[in-house]
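Residues per chain, in single letters:
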Amino acid sequence: MKNFHHKDLLGMEQLSVKDIQLILDTAESMKEVSQRDIKKVPTLRGKSIINFFHEPSTRTRTSFELAAKRLSADTVSISSSGSSMAKGETLIDTARNLEAMNPDLIVLRHSSSGAPHLIATEISAGIINAGDGTNEHPTQALLDLFTIREKKGKIKGLKVAIIGDIEHSRVARSNIIGLRKMGAEVTVSGPPTMIPVEAESLGVIVINNPTEAIKDKDIIMILRIQLERQSKILFPTIREYSTYFGINKESLKKAKADAIIMHPGPINRGVELASDVADSPFSVILDQVTNGVAVRMALLYLLIGGRSDDID
Amino acid sequence: MTILIKGGDLVDPLKGFTKKQDIILEGGRISRILPSGIFKEVGPEISIIDVSGKLIMPGMIDMHVHLREPGHEYKETIATGSLAGVVGGFTGLACMPNTDPVNDNVSITEFILKQANKAGKLRVYPLAAITKGRKGETLTEFGDLKKAGAVGVTDDGSPVVNSEIMRRALEYAKYHNLAVISHCEDMYLSLGGVMHEGVISTRIGLKGIPSASEEIMVTREISLARLTGCPVHIAHVSTVGSVKAIRRAKEDGLPVTAETAPHYFSLDHTEVLGYNTNAKINPPLRSPEDVLAIKMGLADDVIDVIATDHAPHNRLEKNVEFDKAAFGIIGLETALPLTLALVREGVLTLQAAIKKLTYSPASILGISCGILQEDSIADLAVVDPECEYVFKEEDIMSRSKNSPFIGKKLKGRNLLTIVGGQIVWSRESENIGC
């Protein structure tokens, strides 16, 4: 029998080291499924999954949808603009209505921190947090951990720099929690306007200058700068951000020789990340996307699947 | 009717002692206060209430309450708020002007008093807006509002952003003997914030409200008090820095007074964990260091008053995403036990604690209540300080149930409330436990 005892995945906060290892191990078998000619197993036949995306998303939504389909689950996708929430229905009412159609799992992306926690207490279907406000994005962290383990053979003892808008990044928050749990050392970097207060309380080192932060690191994780929301308050211009905080070949010289570059996407080429770095052999950005499907398949299976031999 | 209340320990917050004394109420006033057991004269015209082992204290005055009427009757009405008040041991409530329409004119003030009279439970003291519509632009008619029954002015919920208008409000209010109450918040710094900015906001990804947003405005109000020599009262103090600034102002002899609410000395920002919207308040629950500073400020009288900031909200406004939830919690029915906890902790003497709930707010508002002496108004409460219970949602008399104390163990409970010599509520007649 599976050894995963959670109804929901709300955040990395709730997972033990053993849980994380189990998810990553399961994802390895799932990755193999995606490499077959016929990329489908009957594991979740008869299960229904609703992808409820209250915020725009291409990567995460497609990834969840493919993951569910490869496991033979039935999926429905709804977005806020096409849902009753656009007509003023409350989140809890929308969730209860979805619940009334007996789904096994709801994948929720929402602009409010804590939104999945709110509906998880109200309905009996499992909830996967696909990103909530500025809180967590646990499946992104899990696919990042999977990618790191795949490339480096381990996570424990690695030195990781996360660069960008740490304060408003759910990717950063989930990765910090996950990486710390798995025994990596995490340094966060970016202009002081983007580092949350009491950041050290998260168990990280803060080095504002990215060139300094990168020094001797195994993993360089670069976050997307949200041009539409942040410019003018958190930094003066895109030009100035890329000059002082953008990562290019030159700034990478101080990293370990075999350091890898990660980015949750979508990339602003030439802003937080120079094109030649994004496309360099050190970049594992597309591997992250590939692994995302495998990790999400693993989670769907662990949350609502049956026995572990079903995937053979 | 004459009432003899005997056998209790009478708390005199003004003289600062608690003594076994009997008290006789006649014609709406306290006619005699005598050492226990002296008064023997009994007759059918005297009703005797034996309160042995209980405390007799002045009825509490809450100078910061949102009664929501007119306009938001689904949250609270003057009648339901009055009932919650007398259950909690209050005999007077000063109600905030952020109603709809705003209490910025005589007709709304008169309406509030009419509704309070109809409810017939306790005394309601309207607070009017400083500026028309609480927009921070034009002063309201302080003179007429005072004449209609307003006891103070405030734009509570918002600060008066324009310092020139605030200066003139202080000067003009002093002429009319109106208290000015300031909600201190730099709206630019707090914009979008939903909880205290600190370790917890960083951990759970909620936008923070820095302590500085309160402290900047507290400092401004102190500067204006210095400039004008006019009194200003700081509402709901919640931070270390505010306590420090007010302490210094008082040392300088400035006419600055301050209040805090029970939640700021009882709870800290960890209460928000799990996205608990019943812990979403403005100003927010702060860090444990702030809680400690609030207690110190109460102990050395930097903070004069304990007021609840009773802010009823319907379940619809709380059972939503944290960032969309309304700010505020109810407080009328928990203020007494939470304050008595400070007495047990040794932060305040019983008399000092009760003074902050009675005499101090009354004197800031210029109301002749909150004292127990012969010939004073017979507004009082009888309290069992030892009664222990779990605070339950179904016990709440307020129309709204948004309290972070539901399910928590409390100690100390009001048993009997008397307003103007009349029993307006008693736990015994309601047939509910201690």
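None of these values were measured; they are calculated from a predicted model.

A. Examining the sheet that holds strand 2 (residues 74–79) of chain A more closely. All names here are of chain A. Read across the sheet, four strands follow the order 2-1-3-4 without closing on themselves; strand pairing throughout is parallel. The open sheet terminates on both sides in strands that have one partner only, identified here as strand 2 and strand 4 (126–132). Between one strand axis and the next, the sheet turns through 15° on average, direction left out of account. Bridge count for strand 1 (residues 48–53) against strand 3 (residues 105–110) is five bridges, and the pairing is parallel. Following the sheet pairing, Asn51 is matched in strand 3 by Val107.

B. Representation of the packing of helix 5 (residues 138–152) of chain A against helix 11 (residues 285–304) of chain A in the model. Residues and elements named next belong to chain A. Where helix 5 contacts helix 11, the two axes come as close as 8 Å, and the packing angle between them is 115°. For the crossing formed where helix 5 meets helix 11, the hand is right-handed. Seen from helix 5, the contacting residues are Thr139, Leu142, Leu143, Asp144, Phe146, Thr147 and Glu150; seen from helix 11, they are Asp287, Gln288, Asn291, Gly292, Val295, Arg296 and Leu299.

C. Spatial organisation of the sheet that holds strand 14 (residues 232–234) of chain B. All names here are of chain B. Pairing is parallel in the open sheet, where eight strands are placed in the order 7-8-9-10-11-14-15-16. Of all the strands in the sheet, the pair left with one neighbour each is strand 7 (60–65) and strand 16 (305–306). Here strand 8 (residues 90–95) pairs with strand 9 (residues 123–128) via four bridges, running parallel. Bridge pairing in strand 9 links Gly92 to Arg123.

D. The arrangement of the interface of chain A and chain B in detail. Between chain A and chain B, the contact holds 21 residues from the first and 17 residues from the second. Looking at the side of chain A that touches chain B, the elements with two or more residues in it are helix 3 (91–99), helix 4 (115–120) and helix 6 (170–181) of chain A. Ranked by residues supplied to the side of chain A that touches chain B, first place goes to helix 4 of chain A with three residues. Looking at the side of chain A that touches chain B residue by residue, the class counts come to eight nonpolar, nine polar and four charged.

E. Highlighting the domain arrangement of chain B. Residue and element names in this part refer to chain B. Each assigned domain of chain B is listed here: domain 1 (2–56 + 375–387 + 410–426) and domain 2 (59–365). Using C-alpha coordinates to define each centre, domain 1 is positioned 30 Å away from domain 2. In this assembly, 21 residues from domain 1 lie in contact with 22 residues from domain 2. Contributions of two or more residues to the side of domain 1 that touches domain 2 are made by strand 2 (9–12), strand 3 (17–26), strand 17 (380–390), strand 18 (409–419) and strand 19 (422–426).

F. Spatial organisation of unusual backbone geometry. Backbone torsion omega between Gly265 of chain A and Pro266 of chain A reads -10°, so that peptide bond is classified as cis. For Pro266 of chain A, the location among the structural elements is in the loop between strand 9 (260–262) and helix 10 (275–278). For Asn102 of chain A, which is not glycine, the phi dihedral falls at a positive 55°. Inspection of the secondary structure puts Asn102 of chain A in the loop between helix 3 and strand 3. Residues other than glycine seldom take positive phi values, yet Arg134 of chain B does so here, at roughly 55°.

G. Molecular detail of the domain arrangement of chain A. All names here are of chain A. Taken domain by domain, chain A consists of domain 1 (12–137 + 289–311) and domain 2 (138–288). The centre of domain 1, based on its C-alpha atoms, is set 25 Å off from the matching centre of domain 2. Those elements that place two or more of their residues in the side of domain 1 that touches domain 2 are helix 1 (17–34), strand 4 and helix 11. The dominant element in the side of domain 1 that touches domain 2, judged by the number of residues it contributes, is helix 11, at seven residues. Taken together, the residues of the side of domain 1 that touches domain 2 sort by class into eleven nonpolar, nine polar and five charged.

Conventions we followed
Residues numbered from 1 in each chain as written. Chains lettered and ligands numbered in written order. Predicted model: local features only at pLDDT ≥ 70, side-chain atom pairs only at ≥ 80, totals over all residues. Pairing = 2+ DSSP bridges. Helix = DSSP H or I, 4+ residues; strand = E, 2+ residues; numbered from the N terminus. Axes fitted to C-alpha atoms, helices over the stretch in contact; angles between N-to-C directions. Left-handed = near helix turned anticlockwise from the far one by under 90°. Contact = placed C-beta atoms within 7 Å. Nonpolar A, V, L, I, M, F, W, Y, C, P; charged D, E, K, R; others polar. Domains from an automatic or database assignment.

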